[in-house]
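Given next are the chains, with one letter for each unit.
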Amino acid sequence: MDFTYKGTATSAYGVILNSLDWYKKPQRRAERLSINGKDGATVVDNAYGALSLRCRITLTATTYMSEVLAWLTGNGVLSFSEDSGKYRNAYILDEIEFRRRGAVWEATFDFFCPDPYRYVTGEAETEHTYRSFANTISNGDYSSGSTGWTGTTANVISTTGNEAVWIATASAGRYATSPSFVSGRKYYIAADIKATSNLVRLDVGGVAIANHTGSGNYERLSGLWTATGTSTFPVGGRDYRTSGWANVSQKYFVCIDLTTPFGAGNEPTKASMDAFMLAYTNTFFSGTVGSLYPNYITNSGTVTSLPIFKIFGTETVGITTGNTMQVALDTESVYIDSDLREVYFGPSAGTITALKNRLATGDFPYLSIGRNNITVTGSVSLVYIVPKTRYL
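The notes below deal with the structure included here. (Residues numbered from 1 in each chain as written. Predicted model: local features only at pLDDT ≥ 70, side-chain atom pairs only at ≥ 80, totals over all residues. Heavy atoms only, no water.)

A look at the overall build of the chain
The secondary structure content of the chain amounts to three helices and 35 strands. If one aligns the C-alpha atoms of the chain with their principal axes, the spans along those axes are about 95 × 60 × 50 Å. The buried share of the chain, reckoned over its 392 residues, is 44%. Accessible area of the chain: about 18300 Å², with a carbon and sulfur share of 48%. Treating the 33 positive side-chain charges of the chain as one cloud and the 33 negative ones as another, the clouds have centres 4 Å apart. (Helix = DSSP H or I, 4+ residues; strand = E, 2+ residues; numbered from the N terminus. Buried < 20%, exposed > 50% of the residue type's maximum accessible area, 1.4 Å probe, protein only. Areas by Shrake-Rupley, 256 points an atom, 1.4 Å probe, with all protein chains shown as cover. Lys, Arg positive; Asp, Glu negative; His and termini not counted. Charge placed at Lys NZ, Arg CZ, Asp CG, Glu CD.)

Structure below.
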């Protein structure tokens with residue numbers, strides 16, 4: 001095993017790593033308060049403290065002694081061979097004394113980490129472009145009752161509470177609406193359907209988009225369909241049982257043209273659109289919405305992260321994930337650096353040409369563990385995000 005510090009590995013100088021306290025949980029900065037009349041203690045838990053990592057090394061010859069002493073000073077990026085893909089920000093502040101042990105020289109010293117976290121090496125930024133998305137199905141949530149919907153070889157039982165309930169009277173009975181399609185464009189179609197047979201499907205123009213499992217519960221069915229003509233096509237639930245029909249319930253239909261916002265050949269996958277729709281209540285919206293795509297980012301670390309955002313837009317823009325911050329732009333772009341707690345203009349993250357904190361209001365955004373939805377306000381056109389994923 002070995003470590004790399006400031007871009008140089010132990011092997012470069014013939015250094016042998018005997019031990020390194022790499023996997024070490026930092027202590028919480030907490031106060032233990034005793035309150036008169038109250039049993040036990042009250043803990044005021046603030047944050048994690050700094051971390052010291054004890055390191056013991058052996059130098060087999062003094063050939064590189066001067067280079068080693070120069071190397072093991074100051075601050076830089078520290079990584080450990082047994083923790084591939086992670087790094088820490090570390091300092092060496094104390095003296096280092098090499099003591100002779102027979103034919104070799106040994107030293108013990110501490111890496112001081114004021115930031116107690118491990119980060120992802122070479123973490124890539126993610127790109128989020130602002131686009132418009134239109135649900136071409138009118139009354140997809142039955143908020144206007146049965147308006148626009150028609151049963152074909154089916155009896156409609158009810159359309160209340162954002163839900164339609166119907167039963168087929170013949171094979172391939174359906175309850176559907178007919179939005180307009182443009183030939184050659186790719187559409188994302190989805191709905192919640194409840195059925196007791198796997199012969200019940202989400203259907204468009206006689207083509208099965210997705211089959212229900214027959215669980216008797218609501219399932220979100222979705223798929224992609226390329227329009228075969230410029231016309232209206234029926235979209236809805238369809239029951240292909242030949243007998244023994246039972247009630248089918250359905251709600252929250254969407255039909256989104258993907259070719260218009262993304263371009264032919266660049267449309268997102270079904271899985272990507274399924275994830276996109278999770279940002280909306282009931283995985284549904286009506287009419288047209290503007291949104292970043294993707295409209296979420298995942299923090300795969302084990303603690304909350306403090307990301308860096310680069311936002312392009314005009315006038316006053318805002319971004320929300322965890323907290324909300326707004327910035328009145330006077331340049332084409334701005335960095336919101338939650339780690340440095342600075343708002344600035346510059347050629348790259350961490351390189352500050354001009355501070356813009358005076359133009360910002362709100363608090364710095366953060367990423368909780370797992371999925372984080374991202375919303376923007378104002379004339380935002382593009383956002384780049386470095387998640388700054390962190391691990392204890």
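That covers the picture; the talk isn't over yet.
A few points about the pattern of salt bridges
Tallied over the entire structure, the rule returns 13 salt bridges. A salt bridge links aspartate 192 to arginine 220, with the nearest nitrogen and oxygen atoms 3.0 Å apart. Of this pair, aspartate 192 sits in strand β18 (residues 186-194) while arginine 220 sits in strand β21 (residues 218-226); the two residues are 28 residues apart in sequence, bridging distant segments of the chain. Residue classification places arginine 220 among the partly exposed residues on the basis of a relative accessible area of 29%. Of the charged contacts in the structure, one is a salt bridge between lysine 356 and aspartate 330, with a shortest N-O distance of 2.9 Å. On the criterion of sequence distance, the pair formed by lysine 356 in the loop between β31 (354-355) and β32 (360-362) and aspartate 330 in the loop between β28 (323-328) and β29 (333-337) is long-range, its members being 26 residues apart. Assessed through its relative accessible area of 8%, lysine 356 is described here as buried. (Salt bridge = Lys/Arg side-chain N within 4 Å of Asp/Glu carboxyl O.)

Side note on unusual backbone geometry
Residue proline 294 is reached from tyrosine 293 by a cis peptide bond, and omega for that bond is -10°. Among the secondary structure elements, proline 294 is positioned in the loop between β25 (287-293) and β26 (296-299). For threonine 153, which is not glycine, the phi dihedral falls at a positive 40°. You will see that asparagine 282, though not glycine, has its phi angle at about 60°, which is positive. The exposure class assigned to asparagine 282 is partly exposed, which follows from its relative accessible area of 40%.

Side note on the side chain of aspartate 83
Topologically, aspartate 83 is positioned in the loop between β7 (74-80) and β8 (86-92). A polar side-chain atom of aspartate 83 sits 3.5 Å from a polar atom in the side chain of tyrosine 23. In contact with aspartate 83, other than residues within four places in its own chain, are Trp22, Tyr23 and Arg118. (Polar contact = N/O pair within 3.5 Å; in protein donor to acceptor, adjacent residues only side chain to side chain. Contact = heavy atoms within 4.5 Å.)

So, the environment of isoleucine 311
Note on placement: isoleucine 311 falls in strand β27 (residues 308-321). Linking isoleucine 311 and tyrosine 384, residues 73 residues apart in sequence, is a C-alpha distance of 6.6 Å. Apart from residues lying up to four places away in sequence, isoleucine 311 is in contact with Val317, Ile319, Glu332, Ser333, Val334, Ile336, Val380, Leu382 and Val383.

A short note on helix α3 (residues 270-277)
Of the positions making up α3, those classed as buried are Met273, Ala275, Phe276 and Met277. Tucked inside the fold, the buried residues of α3 contact β12 (126-135), β18, β24 (248-257), β25, β26 and β33 (370-373).

A word on the environment of phenylalanine 109
Counting through the fold element by element, phenylalanine 109 comes out in strand β10 (residues 104-113). Between the C-alpha atom of phenylalanine 109 and that of leucine 72, which follows or precedes it by 37 residues, the distance is 9.5 Å.

Let's talk about the environment of serine 368
The residue serine 368 is located in the loop between β32 and β33 in this model. On the basis of relative accessibility, which here comes to 30%, the residue serine 368 falls in the partly exposed class. Ignoring anything within four residues of it in the chain, the contact list for serine 368 reads Asn299 and Thr304.

Observations regarding the packing of aromatic side chains
Where two aromatic rings form a pair, the distance of their centres and the angle of their planes describe that pair. Under the counting rule described, the total for this entry stands at 27 aromatic pairs. An angle of 35° between the planes, with centres 5.7 Å apart, marks the rings of tryptophan 149 and tyrosine 175 as tilted. Of this pair, tryptophan 149 sits in the loop between β12 and β13 (150-152) while tyrosine 175 sits in strand β16 (residues 173-177), placing them 26 residues apart in sequence. Summarising the burial analysis for this pair, tryptophan 149 and tyrosine 175 share the class buried. Across from the ring centre of tryptophan 22, 5.0 Å away, lies the NZ or CZ of arginine 88, which sits over that ring. (Phe/Tyr/Trp six-rings, centres within 6.5 Å; stacked < 30°, edge-to-face > 60°. Lys NZ or Arg CZ within 6 Å of the ring centre and 35° of its normal.)

Focus on the pairing of β26
The alternating pattern of β26 places Ile297 and Asn299 on a buried face, while none of Tyr296 and Thr298, on the opposite face, is buried. When β26 meets β33, the two strands line up antiparallel, connected through four bridges. Paired with asparagine 299 across the bridge in β33 is glycine 370. (Pairing = 2+ DSSP bridges.)

Quick look at the sheet that holds strand β19 (residues 200-204)
One open sheet holds the five strands; their spatial order is β13-β16-β23-β19-β20, and the pairing between them is antiparallel. Edge positions in the open sheet fall to β13 and β20 (207-211), since each of these has one partner strand only. The sheet shows a mean angle of 25° between the axes of neighbouring strands, direction not considered. Where β16 meets strand β23 (residues 235-239), five bridges bridge the pair, whose relative direction is antiparallel. (Axes fitted to C-alpha atoms, helices over the stretch in contact; angles between N-to-C directions.)

As for the nonpolar core
Ranked by size, the top nonpolar core spans 27 residues in total, and within it Phe181, Ile189, Leu202, Val204, Trp225 and Phe253 carry the most contacts. Counting residues per element, the ones that place at least two in this core are β15 (163-168), β18, β19, β20, β21 and β24. Element by element, the count of residues in this core is highest for β18, at four residues. Filtering out sequence-adjacent residues up to four positions away, tryptophan 225 remains in contact with Phe181, Arg185, Lys186, Tyr187, Ile189, Val204, Val207, Ile209 and Phe233. Counting 26 residues, the second-largest nonpolar core is a separate cluster that includes Trp22, Leu78, Phe98 and Cys113. (Core = buried A, V, L, I, M, F, W, Y, C linked by side-chain atoms within 4.5 Å.)

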